[in-house]
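Take a look at the letters that make up each chain.
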Amino acid sequence: MKLTGREKVSYGLGAVGKDMVYMLSASYILYYYQDILGVSAIAMGIILMAARIFDAFNDPIMGVLVAKTKTRWGKFRPWLVIGTILNAIILYFMFVAPPALDGNGLVAYAAITYILWGVTYTMMDIPYWSMIPAFTEGGKEREGLSTLARSCAGVGSAIVTIITMKCVYLLGQNNEREGFQWFALIVAVVFVVFILITCCNIKEK
């Protein structure tokens, strides 16, 4: 049975949401902590390097966990939902560093939230791409869906690239710290809604 238009749109929306989150973190976390909060470039460089090293171990472990999962809701959707909700929460906390924190406390906060963000993003990202064979019949259908999803991911990245700073200034009334807090919340909510649409309309066969 071939994929319906609703299934294709639902899967594509998931890609839009998850790449909005990815682009916000990848493009603006350094600006937020260095330029707005004053964390040193050296400290942020160490945090990012540590996160990349941790990901080298986290990714294959997550792959094994997903492969061994068996639930009444399927193998992939439970991890997709759990990972998305956790990742959205961590994303929000990444951009709401407590005003009382400074110095080493702020560096520790940045390190913990960023590494946890990477862990939870992997928890969602691996099942998202791995589930394609579970609800497609193969061949051109899988290739077409993968192409669609990657195109939608590009749309999500482009949206965040274009509107972030405009929204930050608007939401924060020229207070960038407050603006990022509200914008991160909006992106996190959109992310969760889009992935829930994916999970509700995609059934593993």
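About the thresholds
Residues numbered from 1 in each chain as written. Predicted model: local features only at pLDDT ≥ 70, side-chain atom pairs only at ≥ 80, totals over all residues. Heavy atoms only, no water. Helix = DSSP H or I, 4+ residues; strand = E, 2+ residues; numbered from the N terminus. Rg over C-alpha atoms; globule rule 2.2 N^0.38 Å. Buried < 20%, exposed > 50% of the residue type's maximum accessible area, 1.4 Å probe, protein only. Contact = heavy atoms within 4.5 Å. Areas by Shrake-Rupley, 256 points an atom, 1.4 Å probe, with all protein chains shown as cover. Lys, Arg positive; Asp, Glu negative; His and termini not counted. Charge placed at Lys NZ, Arg CZ, Asp CG, Glu CD. Expected span 1.5 Å × (residues − 1). Core = buried A, V, L, I, M, F, W, Y, C linked by side-chain atoms within 4.5 Å.

Caption draft 1: A look at the overall build of the protein. From N to C terminus, the protein includes seven helices and zero strands. The secondary structure elements of the protein, listed N-terminal to C-terminal, are α-α-α-α-α-α-α. Taken over C-alpha atoms, the radius of gyration comes to 18 Å for the protein, in line with the 17 Å a tight globule of 205 residues would show. Oriented by its inertia axes, the alpha-carbon framework of the protein measures out at about 55 × 35 × 25 Å. Relative to its full complement of 205 residues, the protein shows a buried share of 46%. Taking as baseline every contact in the protein between residues at least 6 positions apart, the subset at least 24 positions apart corresponds to 79%. Counting only carbon and sulfur atoms, one obtains 68% of the accessible surface of the protein, whose full area is about 10300 Å². Of the charged side chains in the protein, 17 are positive and 13 negative, and the gap between their average positions amounts to 12 Å.

Caption draft 2: Focus on helix α3 (residues 77-94). End to end, α3 covers 25 Å across 18 residues, agreeing with the expected 26 Å (1.5 Å per residue, within 8%). By the burial criterion, the buried members of α3 are Arg 77, Pro 78, Trp 79, Leu 80, Gly 83, Thr 84, Asn 87, Ala 88, Ile 90, Leu 91 and Met 94. The inward-facing, buried residues of α3 abut α1 (5-36), α2 (41-68), α4 (103-130) and α7 (176-201).

Caption draft 3: Looking closely at the nonpolar core. Ranked by size, the top nonpolar core spans 60 residues in total, and within it Tyr 11, Leu 24, Tyr 33, Leu 91 and Phe 95 carry the most contacts. In terms of residues, this core owes the most to one element, α1, which gives 11 residues.

Caption draft 4: Unusual backbone geometry, seen in detail. Look at Gln 173: it is not a glycine, yet its phi comes out positive at around 50 degrees. Locating Gln 173 in the fold gives a position in the loop between α6 (140-172) and α7. Among the residues examined, Gln 173 registers a relative accessible area of 64% and is labelled exposed. Although it is not a glycine, Asn 174 sits at a positive phi angle of roughly 75 degrees. Tracing the sequence through the fold places Asn 174 in the loop between α6 and α7. Asn 174 sits in the exposed class, given a relative accessible area of 64%.

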